[in-house]
Amino acid sequence: MVMMDGSLDAEKIAAYFKGKSILVTGATGFLGKILVEKILRVQPDVRKIYLLVRAIDAESAKQRVEAEVTDAELFCLLREKHGKGGFELFVDEKIVPLAGDVIFENMGLDAPMLEELAKEVDIIVNGAATTNFYERYDVALDVNVMGVRYLCQFAKKCANLKMLLHVSTAFAAGDREGLIMEKPFKKGETLKEGTYLDIDVELRLVGDVKKELLQDGVGSGDHDKTERKAMKELGLQRSRHFGWSNTYVFTKAMGEMLLGQLHGAIPVVILRPSIITSIFRDPVPGWMQGTRTIDTIIIGYAKQNLSCFLADLELTMDVIPGDMVANAMMAAMVAHSGEEGAEVMYHTTSSLRNPAPYGVLYESGRRHFYENPRLGKDGRVIPTKEMHFFKTIASFHLYMLVKYKLPLEILHLVNLLLCGLFSQLYEDLNRKYKFVVHLVDVYGPFAFFRGCFDDMNLERLRLTMAATTGPEEDLFNFDPKTIDWNEYFYKIHIPGILKYVLK
């Protein structure tokens, strides 16, 4: 281990990236943006940051990086430092957009570019992922599994590669109770006794199902719809067969497994964040992108269109701010750079060191909206109503049965008696009812997660910095114990949701 001798501090972390070339996948995502901004801000002498983005050509890739990455408010401190014209020159000098995709061999890049990358790249950061719980199985396998295979193949061609950091998710460990260790998956390992996971078998299964659908001879428009539904259902079916709750966490676990098999002598760090929330400290407290499952409570409160929610307010929701995850990523890269054959896993989580119950988020939301009521389009105050929480999926299903399903069945009977007068209304309402029930089926296990993530590996990494840097002053702070969750949700996260998500 390179710097696990008590001497890893902010200065050394920043200095490590001087003159380095870094390939980043998933840079248009929330965490990817935070990492890119942080590297550019703390180490302006980084050599190059190559950003692989889906685009048809180099010019489209450049436009996409500008629109979705560097134009973000997140880069405001860099803009202030360099000035408008200077910032654009700085970005053009340091960032190299690449039109490609991890789902293709060689990432879809041409031979000259591959050759240049193989000579130049010191670090690979794989943040590309599809995070949809109910993703098509073929799509999830392509991005979350085959993407890892193709990156490993490329990594072995890199002459100066010092590190491959792979971003997974803490929930790849499955719906377990008790303490969940920072432990990589072994080949074939599953969460259900008596099963063995063979990734090649899963890939062949997808191909076989697609062939069967083609042989059924459905029309092209209908075929696309049928295939999409079949692939989504297959993903959930295979996930649950092996003990995972949804396609996202299942395929992320498969990606970890494949990385463990293929990386060889390449030093690998697998980072498993829990629910990544808005920026805690720098560069813009509260900045965020996209909606997290837990934020449904806040959004529902803000719009007052959600009367109930599936959650036990006493349970811990494991959350970690995005800047802390990026800080941990950079510290881990430095700590394990050049450590031949290493495979180290870090849980960037909070449930063990500083647990945050759902109740803290809910009470912070109530406090915020009572003190800062929302205004409707007519300028009137939107009254803040209390929300009802269901502590079990069974109680939610009972509520849905009494409040919605029984009235639907009555409507169905009336519709039959009136010769189909309310057919369209019944079909629309029934479709919405089934959709809600389906959402609960997919997201329910996540809402009632009872595990606690051990972070002893990450704590050891933190301790290498504690001797030289106080946690409050540390530019690379990733200690969840420094967060007051009440203050964070009330003053930072909830205002961030209102500003950046509910624009």
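As a reminder, the structure under discussion sits directly above these lines.
These numbers were taken from a predicted model, which means no experiment stands behind them.

Enquirer: Which residues make up the overall build of the protein chain, and what are the values?
Expert: The secondary structure content of the protein chain amounts to 17 helices and 13 strands. Taken against the 2.2 N^0.38 rule, which gives 23 Å for 503 residues, the C-alpha radius of gyration of the protein chain at 24 Å falls within 12% of a compact globule. C-alpha extents for the protein chain along the principal axes are approximately 75 × 60 × 50 Å. Put simply, the protein chain has 503 residues, and 53% of those count as buried. Residue pairs in contact within the protein chain that sit at least 24 positions apart in sequence constitute 83% of those at least 6 positions apart. Element-wise, carbon and sulfur atoms account for 54% of the exposed surface of the protein chain, whose accessible area totals about 22200 Å². Charge separation in the protein chain, taken as the distance between the mean sites of 60 positive and 67 negative side-chain charges, equals 3 Å.

Enquirer: Quick rundown of the packing of aromatic side chains? Include the residues and the values.
Expert: Evaluated as defined, the whole model comprises 20 aromatic pairs. Aromatic ring contacts, followed pair by pair, group Tyr137, Phe185, Phe242, Trp244 and Phe250 into a single cluster. Above the face of the Tyr16 ring, Lys20 is positioned so that its terminal group lies 4.2 Å from the ring centre. Here Arg367 stacks its cationic end above the ring of Tyr490, 3.6 Å away from the centre of that ring.

Enquirer: Kindly report on the sheet that holds strand β11 (residues 343-348), identifying the contributing residues and their values.
Expert: The parallel open sheet is built from seven strands, whose spatial order is β3-β2-β1-β4-β5-β7-β11. Only two strands of the sheet have a single neighbouring strand rather than two, namely β3 (95-99) and β11. Along the sheet, successive strands turn relative to each other by an average axial angle of 20°, direction set aside. In this structure, strand β1 (residues 21-25) lies alongside strand β2 (residues 48-53), joined through five bridges in parallel fashion.

Enquirer: Any details on the nonpolar core? Residues and values, ideally.
Expert: Within the largest apolar cluster, 138 residues are counted, with the highest numbers of intra-cluster contacts made by Leu165 and Met329. Looking at this core, the element that brings in the most residues is helix α12 (residues 322-336), giving eleven residues. With near-sequence residues (within four places) excluded, Met329 lies in contact with Leu31, Leu35, Val125, Leu165, Val167 and Leu271. Leu23, Leu52, Val102 and Met345 belong to the second largest nonpolar core, which has 27 residues in total.

Enquirer: Describe the packing of helix α11 (residues 295-303) against helix α17 (residues 485-501), and please don't skip the residues or the numbers.
Expert: In a packed pair of helices, the relevant descriptors are the angle between the two axes and the axis-to-axis distance. Remark: α11 packs on α17, axes separated minimally by 11 Å, with the N-to-C direction vectors making an angle of 70°. Classified by the angle between their axes, α11 and α17 sit roughly perpendicular to one another. The two elements α11 and α17 cross, and the hand of that crossing is right-handed. When α11 is examined against α17, the residues Asp295, Ile298, Ile299 and Ala302 are found in contact with a partner set consisting of His493, Ile494, Ile497, Leu498 and Val501. A breakdown of the residues in the contact of α11 with α17 according to their chemical character gives seven nonpolar, one polar and one charged.

Enquirer: Pulling in residues and values, what's your account of the environment of Val145?
Expert: Checked against the element boundaries, Val145 lands in helix α7 (residues 137-155). When the C-alpha atoms of Val145 and Ile199 are compared, they prove to be 8.6 Å apart, with 54 residues separating the residues in sequence. If we skip the residues at most four places from it in the chain, Val145 touches Ala140, Ile199, Thr251, Met254, Gly255 and Leu258.

Enquirer: So what's going on with the pattern of salt bridges? Residues and values would help.
Expert: Within the structure shown, the criterion is met by 28 salt bridges. When the shortest N-O distance is used, the salt bridge between Glu73 and Lys499 registers 3.6 Å. Of this pair, Glu73 sits in the loop between α3 (58-70) and α4 (76-82) while Lys499 is found in helix α17, placing the two residues 426 residues apart along the sequence. Glu73 gets classed as partly exposed once you look at its relative accessible area, which sits at 35%. For Lys405, the salt bridge goes to Glu409, with nearest N and O atoms at 3.3 Å. Pair noted here: Lys405 and Glu409 are both in helix α14 (residues 393-417), with a separation of four residues, about one helical turn. Put simply, Glu37, Lys38, Arg41 and Asp282 are held in one network by salt bridges that share partners.

Enquirer: Give a detailed account of α17, specifying residues and quantitative values.
Expert: Under the 1.5 Å per step criterion, the end-to-end length of α17 is only 20 Å for 17 residues, more than 12% shorter than the ideal 24 Å. Of all the bends in α17, the greatest, near 30°, is centred on His493, and the proline Pro495 appears no more than four residues after it. Within α17, the full set of buried residues consists of Trp485, Tyr488, Phe489, Tyr490, Ile492, His493, Ile494, Gly496, Ile497, Leu498 and Tyr500. Of the surrounding elements, those touching the buried residues of α17 are β8 (275-277), α11, β10 (319-321) and α13 (358-371).

Enquirer: Mind laying out the side chain of Asn477, listing which residues take part and the relevant values?
Expert: Mapped onto the fold, Asn477 is located in the loop between α16 (456-466) and α17. Among the polar contacts listed, one links the side chain of Asn477 to the backbone nitrogen of Asp479, at a separation of 3.0 Å.

Enquirer: How would you sum up helix α2 (residues 30-42)? Please name residues and give values.
Expert: Because an α-helix completes one turn every 3.6 residues, residues spaced three or four positions apart along the sequence face the same direction. For α2, which comprises 13 residues, the first-to-last C-alpha distance of 19 Å matches the rise-based estimate of 18 Å (1.5 Å per residue) to within 8%. Burial within α2 is extensive, with 13 of its 13 residues counted as buried.

Enquirer: I'd like a description of a nonpolar patch on the surface, backed by residues and values.
Expert: Side chains of Ile410, Leu413, Val414, Leu416, Leu417, Leu418 and Leu421 sit close together on the surface and give an oily, nonpolar patch of about 710 Å² of accessible area. For Leu421, the location among the structural elements is in the loop between α14 and α15 (423-447). With relative accessibility at 60%, the residue Leu421 sits in the exposed group.

Enquirer: Tell me about unusual backbone geometry, residues and numbers included.
Expert: The linkage connecting Asp282 with the following residue, Pro283, adopts the cis geometry, with an omega of 10°. Residue placement: Pro283 occurs in the loop between β8 and α11. The backbone of Asn106 shows a phi angle near 60°, a positive value even though the residue is not glycine. As for its placement among the helices and strands, Asn106 is situated in the loop between β3 and α6 (111-120). One non-glycine residue, Met107, adopts positive backbone phi at about 60°. Take Met107: it is sitting in the loop between β3 and α6.

The rules behind these values
- Residues numbered from 1 in each chain as written.
- Predicted model: local features only at pLDDT ≥ 70, side-chain atom pairs only at ≥ 80, totals over all residues.
- Heavy atoms only, no water.
- Helix = DSSP H or I, 4+ residues; strand = E, 2+ residues; numbered from the N terminus.
- Rg over C-alpha atoms; globule rule 2.2 N^0.38 Å.
- Buried < 20%, exposed > 50% of the residue type's maximum accessible area, 1.4 Å probe, protein only.
- Contact = heavy atoms within 4.5 Å.
- Areas by Shrake-Rupley, 256 points an atom, 1.4 Å probe, with all protein chains shown as cover.
- Lys, Arg positive; Asp, Glu negative; His and termini not counted.
- Charge placed at Lys NZ, Arg CZ, Asp CG, Glu CD.
- Phe/Tyr/Trp six-rings, centres within 6.5 Å; stacked < 30°, edge-to-face > 60°.
- Lys NZ or Arg CZ within 6 Å of the ring centre and 35° of its normal.
- Pairing = 2+ DSSP bridges.
- Axes fitted to C-alpha atoms, helices over the stretch in contact; angles between N-to-C directions.
- Core = buried A, V, L, I, M, F, W, Y, C linked by side-chain atoms within 4.5 Å.
- Parallel < 35°, antiparallel > 145°, perpendicular 65-115°, else oblique.
- Left-handed = near helix turned anticlockwise from the far one by under 90°.
- Nonpolar A, V, L, I, M, F, W, Y, C, P; charged D, E, K, R; others polar.
- Salt bridge = Lys/Arg side-chain N within 4 Å of Asp/Glu carboxyl O.
- Expected span 1.5 Å × (residues − 1).
- Bend = angle between axes of the 7 residues up to and from the residue.
- Polar contact = N/O pair within 3.5 Å; in protein donor to acceptor, adjacent residues only side chain to side chain.
- Patch = residues over 30% accessible without salt bridge, like charges linked within 9 Å, V, L, I, M, F, W, Y side chains within 5 Å.

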